[in-house]
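Now for the letters of each chain:
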Number of protein chains: 2
Amino acid sequence: MTRAEAAHAADRPDDGARRIPDRLRRRASRQLSQLTTRSDRLINEGLAQADARKWHYAVLASLQDFGPASQATLSKRTGIYRSDMVGVLNELAERHLVERAPDPADQRRNIITISAQGRRRLRRLDKVLDVLHDELLAPLSPAERDQFMQLLTRLLDHHTQNS
Amino acid sequence: MTRAEAAHAADRPDDGARRIPDRLRRRASRQLSQLTTRSDRLINEGLAQADARKWHYAVLASLQDFGPASQATLSKRTGIYRSDMVGVLNELAERHLVERAPDPADQRRNIITISAQGRRRLRRLDKVLDVLHDELLAPLSPAERDQFMQLLTRLLDHHTQNS
DNA sequence: CGCCATCGTTAGTCGCACTAACGGTGGCGG
DNA sequence: CCGCCACCGTTAGTGCGACTAACGATGGCG
């Protein structure tokens, strides 16, 4: 029995209490969950200081890059459910970052348009996110960050294709 | 205005509806969240078929690798909050996978021990998880999987050290 | 004209991370 | 010895994100 193994004992409150089983550390799913929890917290707190949430960014970016769209289209583009989109757009409209107008050609739809103020906000959020991501990826070299993003994207694409 | 920019139109319901802004695809935090959502769903559904949850695995693995422990110690080792640990241990005890006994040396504590049945279950869950992770990491070569895990772990360690 | 799909909206579910507060117990310093 | 503080397990509740169900209103199509 090695010293490490001997250190398990339930009567050793602090000794090995924080040790994490290898079985867990080897599981990609767990590392992913854990990292995402921390990443989300980092981003949410950072954006909160700019009176924003990550959904705001997703919607503004989508509007900026692809132009005005209905709420349903925005849902598909951002991955936000249309049920939740309602609230997000309320928040954005309150802040005058987007405008919500009925589509004259189809009365079921609203056409969402980004405002000048929305564009400014988007530019600012981009900067904020740059800083936050620099913190998130701090331990990685530029090459490693690229590598990480590439692997991440390949995995995500694979699991997204059937949907 | 480029053709790409011209293609935005709100009146093009399906054309570019599913296109995802580059701004979003470049953000590690977003790719992480998205992938984790899918990963979690995959693992949860897989474990559900074995009448288990990922928390079960974490607790059983911790007990197997480090021996009996108090609930507080298990909390620290698995990352499960002690508030939630109660329910997890109830589920595990119901299934006779662990035993919960008061610590004679300290009446505040329970000593949790893995049972023979628990050990069997752990072995089975390990196999189930192997299969699920193979599906999760399907698009990556063995070398790339190692690389991915290494990058993931370095990031997580960096964001875990202060806590 | 009748049927079905789509749109925005409301409400509600589920899992997970996390906080607050409790009664009970233990350890330690004065 | 005793008073205070830290720790333990437990209960309850919060907040958020993903997701479902159902609605009334509208549109498209056979």
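The shown structure was predicted, so the numbers you read here are calculated from the model rather than taken from an experiment.

Conventions adopted
Here, residues in each chain are numbered from 1, in the same order as that chain's written sequence. A letter from A marks each chain and a number from 1 marks each ligand, given out in the order of writing. Selection of residues for local features in this predicted model requires a pLDDT of at least 70, selection of side-chain atom pairs for listing and counting requires 80 or more, and totals for whole chains, interfaces and linings are taken over all residues. Hydrogens and water molecules were not included; the side-chain quantities draw on all heavy atoms of the structure. The way it works is that DSSP assigns letters per residue, a run of H or I at least four long becomes a helix, a run of E at least two long becomes a strand, and they are numbered from the N terminus. To sort residues, take the accessible area from a 1.4 Å probe on protein chains only and compare it with the maximum for the residue type: under 20% means buried, over 50% means exposed, and anything in between is partly exposed. Contact between two residues is taken to exist if any of their heavy atoms lie within 4.5 Å; hydrogens are not considered. A least-squares superposition brings the copies together, and it is based on the C-alpha atoms of residues with pLDDT no lower than 70 in both. By this rule the span expected of a helix is its residue count minus one, scaled by 1.5 Å. Here the quantity called buried area is the accessible surface, traced with a 1.4 Å probe, that two parts lose on coming together, added over both. One speaks of a salt bridge when a side-chain nitrogen belonging to Lys or Arg is within 4 Å of a carboxyl oxygen belonging to Asp or Glu. Here a residue is considered near a molecule or strand provided that any single heavy atom belonging to it is located within 4 Å of it. Distance and chemistry together define a polar contact, namely a pair of N or O atoms within 3.5 Å, with one atom able to donate a hydrogen and the other to accept it when in protein, and with adjacent residues in sequence counting only for side-chain atoms on both sides. When residue character is reported, Ala, Val, Leu, Ile, Met, Phe, Trp, Tyr, Cys and Pro are called nonpolar, Asp, Glu, Lys and Arg charged, and the others, Gly included, polar.

1. Quick look at the overall build of chain A
- The helix and strand inventory of chain A stands at eight helices and two strands.
- Counting from the amino terminus, chain A carries its helices and strands in the arrangement α-α-α-α-α-α-β-β-α-α.
- Burial statistics for chain A: of 163 residues in total, 43% are counted as buried.
- A fraction of 48% describes how many contacts in chain A between residues 6 or more apart in sequence connect residues 24 or more apart.

2. Some remarks on the relation of the copies chain B and chain A
- Of the transformation superimposing chain B on chain A, the axial component is 0.0 Å and the angular component is 180°, with the fit at an RMSD of 0.1 Å. Between the two chains, the operation in question is that of a two-fold axis.
- The fraction of interface residues of chain B whose copies in chain A are also interface residues reaches 100%, indicating that both copies meet through the same surface.

3. A short note on helix α4 (residues 54-66) of chain B
- Counted at 1.5 Å a residue, the expected span for α4 of chain B with its 13 residues is 18 Å, and the 18 Å between its end C-alpha atoms agrees.
- When we look at burial in α4 of chain B, the residues that qualify are His56, Tyr57, Ala58, Val59, Leu60, Ala61, Ser62, Leu63 and Phe66 of chain B.
- Tucked inside the fold, the buried residues of α4 of chain B contact α2 (22-25) of chain A together with α5 (71-78), α6 (82-94), β1 (98-102), β2 (110-114) and α7 (116-136) of chain B.
- Backbone geometry just downstream of α4 of chain B places Gly67 of chain B in the positive-phi region, at approximately 85°.

4. A word on the interface of chain B and chain A
- On the side of chain A, 71 residues touch chain B, which itself brings 70 residues to the contact.
- Carbon and sulfur atoms make up 60% of the area that chain B and chain A hide from each other, which totals about 7000 Å².
- Joining chain B to chain A, the criterion identifies 10 salt bridges.
- Of the charged contacts in the structure, one is a salt bridge between Arg154 of chain B and Glu144 of chain A, with a shortest N-O distance of 2.8 Å.

5. Some words on the protein's contact with DNA strand D
- Around DNA strand D, a shell composed of 21 residues is seen, among which Ser83 and Gln107 of chain A together with Arg41, Gln71 and Ala72 of chain B lie nearest.
- Each atom of DNA strand D within 4 Å of the protein was assigned to sugar, phosphate or base; sugar and phosphate come to 68%.
- Residue Arg82 of chain B places a side-chain N or O atom 3.1 Å away from a base nitrogen belonging to DNA strand D.
- Of all the secondary structure elements, the ones that give two or more residues to the surface near DNA strand D are α6 (82-94) and β2 (106-114) of chain A together with α3 (28-48), α5 and α6 of chain B.
- Residues that form the surface near DNA strand D fall into these classes: four nonpolar, seven polar and 10 charged.

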